[in-house]
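Inside the fold
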Amino acid sequence: MSSESRVAIVTGASSGIGRAIAVALGSLGWKIALGGRRADKLDETAGLVSENGGEAFPRTLDVTDAVSIDAFVTTVADVMGPVDVLVNNAGIAIPGPFWELAPEQLEREMRTNLLGPMLCARRVLGPMIQRGRGDVVFVSSDTARAPRPRMLGYSATKAGIEVAARALVMELEGTGVRATTVRVGPTLTDFASEWSSEQVDDLMSYWPKYGIQRHFNTLHPDDVARAVVYAVTSPPGVHVDLIEVQPEAPTEP
Ligand code: NDP
């Protein structure tokens, strides 16, 4: 357990990478506020956080809704104390030929992956700056630097959030508050669970033509969590600005 207990919010803590981040931060003995829409899944994560030495506070949160974000952060601060760390992890992807996507689908991606993390960050930053300490993490994707065709909206949201994070790093200089981008490659989670098997097969044969997804190894969510822990536990005076984590290519037989 680290000597200092901090209060951390993890959005999208009901599954996958967010759950792994919550458990990893909890194992430092920290208090972890778990945000997401599915209360039953948040409760499962809360059980894991507690088993691993953390204190969990599961609470429903919809990052597409500014009112929900405000209520969530207010309650977390009331119950757990001032927020030291925000991990903006919640995200979705809706694949398909761009011209076939409905306007509502594109809007949902933008609200979840781009506007949501910005609204969450702006909600916690004021008090962090006042206290002269804090960490805001943006879980991004390698699509930000290598956009994926048939995942155009998603790629645009991740590129957008990385630009916002870079600008924020500059705005925060001298405040003691750090912004970090954790850029993630393919990871085995429920992320594609709503895609049909035809969609998945189609993408796996389509992307390599563009030099993307050249092998099919994947990360475990814990691999991403380690990067987040490294960034937010780095001592004052160190700023981990950007980390990219990729699955290692298959080793030669
Ligand atoms: P999962 O689908 O397992 O997790 C996504 C999480 O986001 C869920 O906990 C979900 O919770 C939450 N979420 C979605 N919409 C909302 C919303 N409106 N409000 C609050 N929470 C929401 O996928 P991953 O763990 O893989 O994804 C986590 C992050 O990692 C995403 O930002 C994704 O873009 C990124 N990433 C993932 C990669 C991968 O290969 N898996 C690769 C690169 C980046 P709920 O449904 O309960 O609301």
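Residues numbered from 1 in each chain as written. Predicted model: local features only at pLDDT ≥ 70, side-chain atom pairs only at ≥ 80, totals over all residues. Heavy atoms only, no water.

1. What to know about the packing of helix H3 (residues 66-80) against helix H4 (residues 103-131)
Going by this rule: Axis lines are fitted through C-alpha atoms, for helices just across the contact stretch, and the angle between N-to-C directions can take any value from 0 to 180 degrees. Helix and strand labels come from DSSP, where a helix needs a run of H or I of at least four residues and a strand needs a run of E of at least two; each type is numbered from the N terminus. By convention, the crossing between two helices is left-handed when the near helix turns anticlockwise from the far helix through less than a right angle, and right-handed when the turn is clockwise. Contacts are assigned to residue pairs that have any heavy atoms within 4.5 Å of one another. Just so you know the grouping, Ala, Val, Leu, Ile, Met, Phe, Trp, Tyr, Cys and Pro go in nonpolar, Asp, Glu, Lys and Arg go in charged, and all remaining residues, Gly too, go in polar.
Where H3 meets H4, the axes come as close as 10 Å, and the angle between the chain directions of the two elements is 40°. The hand of the H3/H4 crossing is right-handed. Residues Ala-66, Ile-69, Asp-70, Val-73 and Thr-74 of H3 pack against Gly-116, Leu-119, Cys-120, Arg-123 and Val-124 of H4. Split by residue class, the contact of H3 with H4 holds six nonpolar, two polar and two charged.

2. A closer look at the packing of helix H1 (residues 16-26) against helix H2 (residues 39-51)
Geometry of a packed helix pair, given as the angle between the helix axes and the separation of the axes. Our working rule: For classification, angles of less than 35 degrees are called roughly parallel, those exceeding 145 degrees roughly antiparallel, those between 65 and 115 degrees roughly perpendicular, and all remaining angles oblique.
Contact pair H1 / H2: the axes reach a minimum separation of 9 Å and the direction vectors enclose 30°. If you check the angle between H1 and H2, you find them roughly parallel. Taken as a pair, H1 and H2 cross one another with a handedness that is right-handed. Contacts between H1 and H2 involve Arg-19, Ala-22, Val-23 and Gly-26 from the first element and Lys-41, Glu-44, Thr-45, Leu-48 and Val-49 from the second. Its residues placed into classes, the contact of H1 with H2 shows four nonpolar, two polar and three charged.

3. Comments concerning the pairing of strand E2 (residues 31-36)
The criterion, for reference: Only protein chains enter the accessibility calculation, which uses a 1.4 Å probe. A residue is then buried if its area is under 20% of the maximum for its type, exposed if over 50%, and partly exposed in between. Two strands qualify as a pair provided DSSP detects at least 2 bridges between them. Call a crossover right-handed when, viewed with both strands pointing away from you, the route from the first strand across the helix to the second goes clockwise.
For E2, a buried count of five out of six residues is recorded, marking the element as mostly surrounded by other parts of the structure. Sheet topology note: the strand E1 (residues 7-11)/E2 ladder contains five bridges and is parallel. Across the sheet, the residue bridging to Val-7 is Lys-31, located in E2. The parallel pair E1 and E2, bridged by H1, forms a crossover whose chirality is right-handed. Of the pairings in the sheet, the one linking E2 to strand E3 (residues 55-60) comprises six bridges and is parallel in character.

4. A short note on the environment of Arg-38
Positionally, Arg-38 belongs in the loop between E2 and H2. Judged by its relative accessible area of 40%, Arg-38 falls in the partly exposed class. Taking the C-alpha atoms as reference points, Arg-38 and Gly-12, separated by 26 residues in sequence, lie 9.4 Å from one another. Other than its neighbours up to four places away in sequence, Arg-38 contacts Ser-14 and Ser-15.

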